[in-house]
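Chains, contacts and geometry: an overview
This is what each chain is made of:
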Amino acid sequence: LKVLVRKIVKMARTKVFPHELIGEEVEIVGSTNPSALGIVGGIIDETKQTITVRRNDNGREVVLLKNTITFRLSRTGTTISGKDIIKRPEERLKG
């Protein structure tokens, strides 16, 4: 029973967001960089370590480190910690 509980806890910790993020509208709701808080825009690129957001307010592109941010998807309201999706997008889609 203990082994089963450990496996379930481990699976819960390794929750992966499997969907494509490019094209999603997001708002940065948490960040170790205070200037990144509140950025709203569309994700235009994603790498293993970063996402690039085109800001809605001024059209500028901002590159954000995934491991330093938490963002909310505008379409669904889902909040995602960047630490949970530090993989290449194609690796995350495979599972």
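Below, the structure is looked at part by part. (Residues numbered from 1 in each chain as written. Predicted model: local features only at pLDDT ≥ 70, side-chain atom pairs only at ≥ 80, totals over all residues. Heavy atoms only, no water.)

Re the side chain of Lys 66
- Mapped onto the elements of the fold, Lys 66 is located in the loop between β4 (61-65) and β5 (69-73).
- At a separation of 2.8 Å, a polar atom in the side chain of Lys 66 contacts the main-chain carbonyl oxygen of Thr 47. (Helix = DSSP H or I, 4+ residues; strand = E, 2+ residues; numbered from the N terminus. Polar contact = N/O pair within 3.5 Å; in protein donor to acceptor, adjacent residues only side chain to side chain.)

Considering the environment of Val 53
- Relative to the helices and strands, Val 53 resides in strand β3 (residues 50-55).
- The class for Val 53 is buried, based on a relative accessible area of 0%.
- C-alpha separation for the pair Val 53 and Gly 42, spaced 11 residues apart in sequence, amounts to 5.4 Å.
- Beyond its immediate chain neighbours, meaning those up to four positions away, Val 53 contacts Val 26, Ile 39, Gly 41, Gly 42, Ile 43, Arg 60, Glu 61, Val 62 and Leu 64. (Buried < 20%, exposed > 50% of the residue type's maximum accessible area, 1.4 Å probe, protein only. Contact = heavy atoms within 4.5 Å.)

Thoughts on the pairing of β5
- Going residue by residue along β5, you find Ile 69, Phe 71 and Leu 73 tucked away on one face and Thr 70 and Arg 72 left uncovered on the opposite face.
- Looking at chain direction, strand β1 (residues 25-31) and β5 are connected through 5 bridges and run antiparallel. Directly across from Gly 30, in β5, lies its bridge partner Thr 70.
- With 3 bridges joining them, β5 and strand β6 (residues 79-81) adopt antiparallel strand pairing. (Pairing = 2+ DSSP bridges.)

Focus on the pairing of β3
- Sheet analysis places strand β2 (residues 40-46) next to β3, joined by 5 bridges and oriented antiparallel. Each bridged residue has a counterpart across the sheet, and for Gly 41 the counterpart in β3 is Arg 55.
- What sits between β2 and β3 in their antiparallel hairpin is a turn of 3 residues.
- One ladder, built from 5 bridges, connects β3 with β4; its direction is antiparallel.

Here's the deal with the sheet that holds β4
- Spatially, 6 strands are ordered β4-β3-β2-β1-β5-β6 in an open sheet, and the strand pairing comes out antiparallel. Of all the strands in the sheet, the pair left with one neighbour each is β4 and β6. Pairs of neighbouring strands in the sheet enclose a mean axial angle of 45°, with direction left out of account. (Axes fitted to C-alpha atoms, helices over the stretch in contact; angles between N-to-C directions.)

Observations concerning the side chain of Thr 52
- One can find Thr 52 in strand β3.
- Among all residues touching Thr 52, those that are not within four sequence positions of it are Gly 42, Ile 43, Ile 44, Asp 45, Glu 61, Val 62 and Val 63.

What about the environment of Arg 55?
- Along the chain, Arg 55 falls in strand β3.
- You can call Arg 55 partly exposed: its relative accessible area is 23%.
- In the structure, Arg 55 is positioned 30 residues away from Glu 25 in sequence and 9.7 Å away in space, judged by C-alpha atoms.
- Dropping the residues within four chain positions of it, Arg 55 is found in contact with Ile 39, Val 40, Gly 41, Arg 60 and Val 62.
- Within the structure, Arg 55 has its side chain in polar contact with the side chain of Asp 57 (distance 2.8 Å).

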